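# Secondary and tertiary structure notes
Given next are the chains, with one letter for each unit.
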Amino acid sequence: MANLKLNNVNKIYPNGFQAVKDVDLEIHDKEFMVFVGPSGCGKTTTLRMIAGLEDVSSGDIFIGDKLVNNISPKDRNIAMVFQNYALYPHMSVYDNMAFGLKLKKTPKDEIRERIIKAAKILDIEALLERKPKQLSGGQRQRVALGRAIVRKPEVFLMDEPLSNLDAKLRIQMRTELIKLHNDLETTFIYVTHDQTEAMTMGTRICVINDGMVHQVAEPRTIYNYPINMFVAGFIGSPQINFFEGKLQDASDIMVENTIMPLNETLKKRIVELKKENQPMMLGIRPEDILFARDQNGIEATVEVTELLGSDVNIYFKIKGRQYVMKTESTSLLKHGDKIKVTFNTEKIHLFDVESKVSLYY
């Protein structure tokens, strides 16, 4: 079993800076958990504490049923894959993969068996005699993964392992990592600032900002039901649009002098929370902004259009503020065109103005 628990974990540096704040998190056996958040949010520090590369200031970390706060990294049965590959330049691929096993005095025959098996999984059998300088970035990353696989760890820890690859190779390697996780049936914890990686790879996502965990859920839940404005704004590309609005009663909201009806779930929550006639922040994703077919739409001016093949992003302004919608690429709009927009009212998100928390919660 390779489930992990972080109980009230904190990291405070000698200068007083608190990088991780009261993190409570359970990661299930065989799960692909992704830590996602902006640079400097504390996700890598959390990963390094799990690995034992950073001391825990307070709180407890369990791997399985074992408290590992004071256990050295080499005794935690974890393997870490770094952003910069960390391969020994003077060693062949085979020797790089074998290095950790040799330190543990693993028999030579078993080392070879494990390396050949890992090389087949990663399609690097033909590279075993090469040196790292003879490999492409993608090949080096596969070798780094192979070095981790041969150790048969309970947990794989990955710190932005694809960030040094070009866009096409990142997409390919994302697929390879998902397949690898399915084949190995081992717990993966993956750090990234790229929300697309998080959405496509994780069985669950842990959204972190300012050292705190904001939401932990499956990708679909994070996207459709973000807990607050930070999560809503960080997950999704293009970013969600926020509008200032005011509830008229429990059934609709006024946005840019246009009344938008609300779905039944939001109506019930407004009554429960006694939010009638209060100001609200309204969130609407780009794909849920529509062209208005009547006179009730919000008037806007097109700024920029981005053709993305089957879709087009249309950036437009309303009273000097920019927003974005995503629609089919059949649209032929250009800079300066006047349009009217409305919302898919079933997809509206409402957030409390002060707490920034979604009314769904």
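Everything here concerns the structure above.
### A closer look at the pattern of salt bridges
- Taken as a whole and judged by the stated rule, the model has 13 salt bridges.
- In this structure, the salt-bridge partner of Arg48 is Glu54, at a minimum N-O distance of 3.6 Å.
- Owing to a relative accessible area of 19%, Glu54 belongs among the buried residues under this scheme.
- As a salt-bridge pair, Lys275 and Asp352 come within 2.7 Å of each other at their nearest N and O atoms. Taken together, the residues Lys275 in the loop between helix 9 (264–273) and strand 14 (279–284) and Asp352 in strand 20 (residues 349–352) connect sequence positions 77 residues apart.
- Take Lys275: its relative accessible area is 17%, and that puts it in the buried class.
- Accessibility expressed as a relative area gives 14% for Asp352, which makes it buried.

### Let's talk about the state of the cysteines
- This model, assessed by the stated rule, comprises zero disulfides.
- Unpaired in this structure, Cys41 has its nearest cysteine sulfur neighbour in Cys206, at a distance of 8.9 Å.
- The exposure class assigned to Cys41 is buried, which follows from its relative accessible area of 2%.
- For Cys206, a relative accessible area of 1% gives the class buried.

### Points about the layout of surface pockets
- Estimated volume of the largest pocket: approximately 540 Å³.
- Lining the largest pocket are 18 residues; nearest its centre among them are Met80, Phe99, Gly100, Arg147 and Arg151.
- Elements represented by at least two residues in the lining of the largest pocket include exactly strand 6 (78–81), helix 2 (93–103) and helix 4 (137–149).
- In terms of residue class, the lining of the largest pocket is made up of 13 nonpolar, one polar and four charged.
- Reported here for the second largest pocket is a volume of approximately 250 Å³.
- In terms of lining residues, the second largest pocket is bounded by 13 residues, among which Lys117, Ile149, Val150, Lys152 and Leu184 are the most central.
- It is helix 3 (residues 108–122) that provides the largest number of residues to the lining of the second largest pocket, a total of six residues.
- Of the residues assigned to the lining of the second largest pocket, the class counts are seven nonpolar, one polar and five charged.

The rules behind the values
Residues numbered from 1 in each chain as written. Predicted model: local features only at pLDDT ≥ 70, side-chain atom pairs only at ≥ 80, totals over all residues. Heavy atoms only, no water. Salt bridge = Lys/Arg side-chain N within 4 Å of Asp/Glu carboxyl O. Buried < 20%, exposed > 50% of the residue type's maximum accessible area, 1.4 Å probe, protein only. Helix = DSSP H or I, 4+ residues; strand = E, 2+ residues; numbered from the N terminus. Disulfide = S-S within 2.5 Å. 1 Å grid on protein atoms, 1.4 Å probe; cavity = no way out; pocket = protein on both sides within 12 Å on 5 of 7 lines; lining within 4 Å. Points joined across faces, edges and corners; volume = space filled by probe spheres on them. Nonpolar A, V, L, I, M, F, W, Y, C, P; charged D, E, K, R; others polar.

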